[in-house]
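# Geometric and topological summary
Chain residues, written in single-letter form:
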Amino acid sequence: MKEKIITIGTGVICLVLLAAQSFAQQLADINSNPWYKAKKINDRVWRISDGYVDNIYLIEGKDSALLFDTGLGPANLKDFVSRLTRLPLIVVNSHSHPDHSGADYQFPKVYAHPKDFEMIRLFSSNYIRKTMQMTMVGIRIPDSLKYPVTDTLYPVNLFPIVEGHVFDLGDRKLEVIEVPGHTPGSICLLDHKDKVLYTGDNDNTLVWLQPRDAMPLEIYLQSLKKINNRAAEFTILFPGHGEPIDSDFIKDQIACAEQIIAGNCVGKPYTSFAGNGLVCAYGRAQIAYDPKKIKVN
């Protein structure tokens, strides 16, 4: 009997090792894509690097999967994601900017906040798409990896989501939290199961409030305080750019915004393709802002 148990145990170990090797080979094959790279960061959660520019998140539940943001859109994201999950897919935009909504045209249905609908549709134009493709410095995408739409785009079919909407993936629920600031319709998703907040561009180590479509700093501060009031519900932030960061980071952001509003931070000039302004820092947080859009009129 003992020998039989040992034999069965060895067989199980061999199966586990073979499965691990198969998974590693599958991931290596997936990550041979020169534009997208996938990394498993949680149980049934993938972070997809979009040309090393921004983060796309794929979150699986029992019944369906959710894709949070679609990146710049120059390559075939739809097929790349299909190699990671076979579950029915829900696509959600954190906000309108083209490095987060650029591949919306590849999917039949996209959820977003209605205040960002107009900008999402603008950034889905052929002109903007070609402009985004110019960001692929040093990386050539073979025609076989591009999405098979060249001269025209599928119209983006947008569906509204607002505060409190819950995406039920089966054994995982993701709650929509409105965080106007970076754009009027910016949202976060709260994963109650993993105690994770997916933040889009609301909680990057450098947040842009200097673009023309950004809200006044006072409104952004209200959004920061709002999610900080719920900090007991999550322990980590998964931002739209950069690495995960602990939830205490929000306190640095709040302090940075308050310093600017109180006039206690002398901003340094900040230049970017999305608009110029000033930048202030506090702890780990930086905010680039328009000095003419600090308080709500």
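The structure this text deals with has already been given above.
### Brief notes about the overall build of the protein
If you tally the helices and strands in the protein, you get seven helices and 17 strands. In the protein, buried positions account for 51% of the 297 residues. A total of about 14,500 Å² of accessible surface is found on the protein, and carbon and sulfur atoms cover 57% of it.

### Structural notes on the state of the cysteines
A full pass over the atoms with the stated rule returns one disulfide. The disulfide partner of Cys265 is Cys280, and the S-S distance across this bridge is 2.0 Å. Of note, the bridge from Cys265 to Cys280 carries an S-S torsion of about -110 degrees and is left-handed in sense. Taken together, the residues span a long stretch of sequence, with Cys265 in the loop between α7 (249–262) and β15 (268–270) and Cys280 in strand β16 (residues 277–282) at a distance of 15 residues.

### A look at the pairing of strand β4 (residues 65–68)
Both faces of the sheet carry side chains from a regular strand, because those side chains alternate between them. Residues Ala65 and Leu67 line one face of β4 and the alternating positions Leu66 and Phe68 line the opposite face, and both faces are buried. Where strand β3 (residues 54–60) and β4 come together, four bridges link them in antiparallel fashion. Its bridge partner lying in β4, Glu60 is registered against Ala65. Taken together, β3 and the strand that follows it, β4, pair antiparallel across an intervening segment of four residues. Two strands pair when backbone bridges link them, and β4 and strand β5 (residues 89–92) are joined in this way by four bridges, in the parallel orientation. Across the sheet, the residue bridging to Ala65 is Leu89, located in β5.

### Description of α7
Relative to the 20 Å expected for 14 residues at 1.5 Å per residue, α7 spans 20 Å between its end C-alpha atoms, a close match to the ideal helical length. Within the sequence span of α7, burial applies to Phe249, Ile250, Asp252, Gln253, Ile254, Ala255, Cys256, Ala257 and Ile260. The elements touched by buried residues of α7 are β12 (206–209), α6 (217–228), β13 (236–239), β14 (245–246), β16 and β17 (285–289). Gly263 lies just past α7 and shows a positive phi near 80 degrees.

### Some points on the sheet that holds β15
A sheet is described by the order of its strands in space; here four strands give the open sequence β12-β17-β16-β15, paired in mixed fashion. The open sheet has two edge strands, β12 and β15, and neither has a second partner. The sheet shows a mean angle of 30 degrees between the axes of neighbouring strands, taken without regard to direction. Of the pairings in the sheet, the one linking β15 to β16 comprises three bridges and is antiparallel in character. Across the sheet, residue Lys268 finds its bridge partner in β16, namely Val279. Taken strand by strand, α7 contacts β12, β16 and β17, and its axis lies near 40 degrees from that of β17.

### Quick word on the packing of α6 against α7
Between α6 and α7, whose axes approach to 10 Å, the crossing angle comes to 155 degrees. In terms of their interaxial angle, α6 and α7 are classed as roughly antiparallel. Considering only the axes of α6 and α7, their crossing is left-handed. Two secondary-structure elements touch here, α6 through Leu217, Glu218, Tyr220, Leu221, Leu224, Lys225, Ile227 and Asn228 and α7 through Ile250, Lys251, Gln253, Ile254, Ala257, Glu258, Ile260 and Ile261. Tallied by class, the residues present in the contact of α6 with α7 amount to 10 nonpolar, two polar and four charged.

### A look at the environment of Lys226
By the element assignment, Lys226 lies in helix α6. Excluding residues that lie within four positions of it along the chain, Lys226 makes contacts with Glu163, Ile177 and Glu178. Within polar-contact distance, the side chain of Lys226 engages the side chain of Glu163 at 2.8 Å.

### Concerning α6
The terminal C-alpha atoms of α6, which comprises 12 residues, lie 16 Å apart, in line with the 16 Å expected from a rise of 1.5 Å per residue. Regarding α6, the residues found buried are Leu217, Ile219, Tyr220, Leu221, Ser223, Leu224 and Ile227. Where α6 is buried, its residues meet β9 (173–178), β11 (196–200), β12, α7 and β17.

About the thresholds
- Note that residues are indexed from 1 along each chain, following the sequence as it is written.
- Per-residue local features of the predicted model are confined to residues with pLDDT of at least 70, and side-chain atom pairs are confined, for both listing and counting, to 80 or more; whole-chain, interface and lining totals are unaffected and use all residues.
- Remark: hydrogens and water are excluded; side-chain values derive from all non-hydrogen atoms of the structure.
- Only DSSP runs of H or I covering at least 4 residues are called helices, and only runs of E covering at least 2 are called strands; the numbering of each starts at the N terminus.
- Under the scheme applied here, a residue whose accessible area is under 20% of the maximum for its type counts as buried, over 50% as exposed, and between as partly exposed, the area being computed with a 1.4 Å probe on protein chains only.
- Note that accessible areas follow from Shrake-Rupley with a 1.4 Å probe, and for residues the cover is restricted to the protein chains shown.
- Two cysteine sulfur atoms form a disulfide, by the criterion used here, when they sit within 2.5 Å.
- Only strands that DSSP links by at least two bridges are regarded as paired with each other.
- By this rule the span expected of a helix is its residue count minus one, scaled by 1.5 Å.
- Contacts were defined at the residue level, with two residues in contact if any of their heavy atoms lie within 4.5 Å.
- Only C-alpha atoms enter the line fits that serve as axes; for helices the fit covers just the stretch in contact. Angles between N-to-C directions range over 0 to 180 degrees.
- Here is the rule for angles: anything less than 35 degrees is roughly parallel, anything more than 145 is roughly antiparallel, 65 through 115 is roughly perpendicular, and the remaining ranges are oblique.
- Two helices crossing with the near one rotated counterclockwise from the far one by less than a right angle form a left-handed crossing, whereas a clockwise rotation gives a right-handed crossing.
- For this scheme, ten residues count as nonpolar: Ala, Val, Leu, Ile, Met, Phe, Trp, Tyr, Cys and Pro. Four count as charged, namely Asp, Glu, Lys and Arg, and the remainder, Gly too, count as polar.
- Side-chain atoms alone can form a polar contact between residues adjacent in sequence; in general such a contact is a pair of N or O atoms within 3.5 Å, and within protein one must be able to donate a hydrogen while the other accepts it.

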